[in-house]
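So the chains spell out like this:
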Amino acid sequence: MYDLNYYGTEALVAEGEESAGLPDFCHKCGRCCRSATTYAPYKELKEMAERGEKEAIEFLSIFQPYESIEAARMVVPEQVEQVLKEAETSDDLDVSEMTFYHCRYVTPEGLCGIYEKRPRCCQEAPAHGWSVMPPECGFEGWQFQQREKQKRWIRDLKTSAYILAQMSPDGVTHPLRPETTLQDLREMVEAKIKPWKRFGADYW
Ligand code: SF4
Ligand code: SF4
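Residues numbered from 1 in each chain as written. Chains lettered and ligands numbered in written order. Predicted model: local features only at pLDDT ≥ 70, side-chain atom pairs only at ≥ 80, totals over all residues. Heavy atoms only, no water.

Colleague: Would you mind going over the site of ligand 2 in detail, with residue names and values included?
Modeller: Within the structure, ligand 2 sits among Cys33, Ile62, Phe63, Cys103, Tyr105, Val106, Cys112, Ile114 and Cys122. Of the residues in the shell around ligand 2, the class split is nine nonpolar, no polar and no charged. (Near = heavy atom within 4 Å. Nonpolar A, V, L, I, M, F, W, Y, C, P; charged D, E, K, R; others polar.)

See the structure below:
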C-alpha cells in the first residue's frame with residue numbers, strides 16, 4: 001500500500017534508517033505492481049495532483065485504477081482480501097472510497113518495463129514495515145525487522161519525552177540552544193511519534 005504525501009513516507013522512516021537502496025529481496029512476482037492502494041481516495045488523489053503535489057503526480061503517472069474492487073480481485077485476490085481486512089480495523093481507510101490500481105508498465109511476466117526509470121515510490125517500496133504487501137512477498141522478513149527497529153526507536157523517543165516532561169517547567173531552555181525551551185523540545189519529540197500512532201505506537 002502506498003502512503004502518499006499526507007502520510008509522507010519520509011516522515012515514516014525512522015531517523016538513521018535508509019529509505020532508499022533497499023536490499024533486493026524481491027521475487028519479481030509483480031503482484032505489488034498490480035495491487036496498489038492509497039489512503040487518499042482516487043478523487044482526492046487527482047485533486048492533489050492538480051494542486052501539483054509531487055507524490056500524487058508520480059503515483060498517477062504509472063498507476064491506473066481498476067474499474068472496481070471486484071475487477072482487482074480477479075487479478076490479485078489475496079492482496080485485495082488482505083487490504084480489505086486491514087481496512088476493517090483502520091480509522092484511515094474507508095472501503096467505500098477505496099480504489100485498487102495496476103501499473104501501466106508491469107510486463108505480463110511480472111517485471112518492471114521501466115526499471116531504470118521507475119519512480120521513487122517504486123524504488124523505495126515497501127517504504128516501511130507496515131506497508132501492506134502481498135502474502136509471501138520477499139520483503140516479509142525485512143518488514144518484520146523494520147517494525148521491530150521502529151518500535152525500539154519510538155520507545156527511546158517516549159523515554160526522552162518523559163524525561164523532558166519531568167524537567168521542563170515553562171521557560172526553561174536547552175543549555176546548548178537557548179532559543180529552544182525544553183517544552184519545545186518535548187513537542188518536537190512528540191511530533192516524531194505522532195505519525196506512528198496509526199500503527200499502534202501508543203502501545204509500544
Ligand atoms: S510483491 Fe514483493 S516479491 Fe512480489 S514483486 Fe512486489 S516486492 Fe517483489
Ligand atoms: S513502474 Fe515498475 S516497479 Fe513501479 S509499479 Fe510499475 S512495474 Fe512496478
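And the narrative resumes.
Colleague: Mind laying out the site of ligand 1, listing which residues take part and the relevant values?
Modeller: As a matter of local geometry, ligand 1 sits amid Cys26, His27, Lys28, Cys29, Gly30, Cys32, Met133, Pro134, Cys137, Gly138 and Phe139. For the shell around ligand 1, the per-class residue count stands at seven nonpolar, three polar and one charged.

Colleague: Before we move on, can you summarise the packing of aromatic side chains with the specific residues and values?
Modeller: Applying the stated criterion across every chain, the model contains nine aromatic pairs. Following the ring pairs from residue to residue traces out a cluster consisting of Tyr42, Phe59, Phe63 and Tyr101. The ring of Tyr115 carries the charged tip of Arg118 above its face, separated from the ring centre by 3.9 Å. (Phe/Tyr/Trp six-rings, centres within 6.5 Å; stacked < 30°, edge-to-face > 60°. Lys NZ or Arg CZ within 6 Å of the ring centre and 35° of its normal.)

Colleague: Which residues make up the packing of helix H1 (residues 42–50) against helix H2 (residues 54–62), and what values do they have?
Modeller: Relative orientation of the contacting elements H1 and H2 amounts to 115 degrees, with a least axis distance of 7 Å. Of the two possible hands of crossing, H1 and H2 adopt the one that is left-handed. Together, Tyr42, Leu45, Lys46, Met48 and Ala49 of H1 and Ala56, Ile57, Phe59 and Leu60 of H2 make up the contact between the two elements. (Axes fitted to C-alpha atoms, helices over the stretch in contact; angles between N-to-C directions. Helix = DSSP H or I, 4+ residues; strand = E, 2+ residues; numbered from the N terminus. Left-handed = near helix turned anticlockwise from the far one by under 90°. Contact = heavy atoms within 4.5 Å.)

Colleague: Lay out unusual backbone geometry with the relevant residues and their values.
Modeller: Here Ala125 and Pro126 are connected by a cis peptide whose omega angle stands at -10 degrees. Take Pro126: it is sitting in the loop between helix H5 (120–124) and helix H6 (140–166).

Colleague: Got a sec to walk through the nonpolar core? Specific residues and values, please.
Modeller: Grouped together as the largest cluster of nonpolar side chains are 27 residues, with contacts concentrated most on Val80, Met98, Phe100, Ile154, Trp196 and Trp204. Among the secondary structure elements, those contributing two or more residues to this core are helix H3 (69–75), helix H4 (77–88), H6 and helix H7 (182–193). No other element matches the five residues that H6 contributes to this core. Of the residues that make up this core, three or more belong to each of domain 1 (5–138) and domain 2 (146–203). Contact partners of Ile154, with chain neighbours within four places excluded, come to Lys192, Ile193, Trp196, Ala201 and Trp204. One finds Ala40, Leu45, Phe63 and Cys121 within the second-largest nonpolar core, a separate group that totals 14 residues. (Core = buried A, V, L, I, M, F, W, Y, C linked by side-chain atoms within 4.5 Å. Buried < 20%, exposed > 50% of the residue type's maximum accessible area, 1.4 Å probe, protein only. Domains from an automatic or database assignment.)

Colleague: Tell me about the pattern of salt bridges, and please be specific about residues and values.
Modeller: Counted by the stated rule, this structure contains ten salt bridges. Salt-bridge contacts for Glu55 lead to Arg120; the nearest nitrogen and oxygen are separated by 3.3 Å. Of this pair, Glu55 sits in helix H2 while Arg120 sits in helix H5; the two residues are 65 residues apart in sequence, bridging distant segments of the chain. Accessibility expressed as a relative area gives 28% for Arg120, which makes it partly exposed. In this structure, Glu81 engages Arg73 in a salt bridge whose closest nitrogen and oxygen atoms are separated by 1.9 Å. Looking at Arg73, the relative accessible area reads 25%, which means it is partly exposed. Shared partners join several salt bridges into a network, and the residues in it are Glu70, Arg73 and Glu81. (Salt bridge = Lys/Arg side-chain N within 4 Å of Asp/Glu carboxyl O.)

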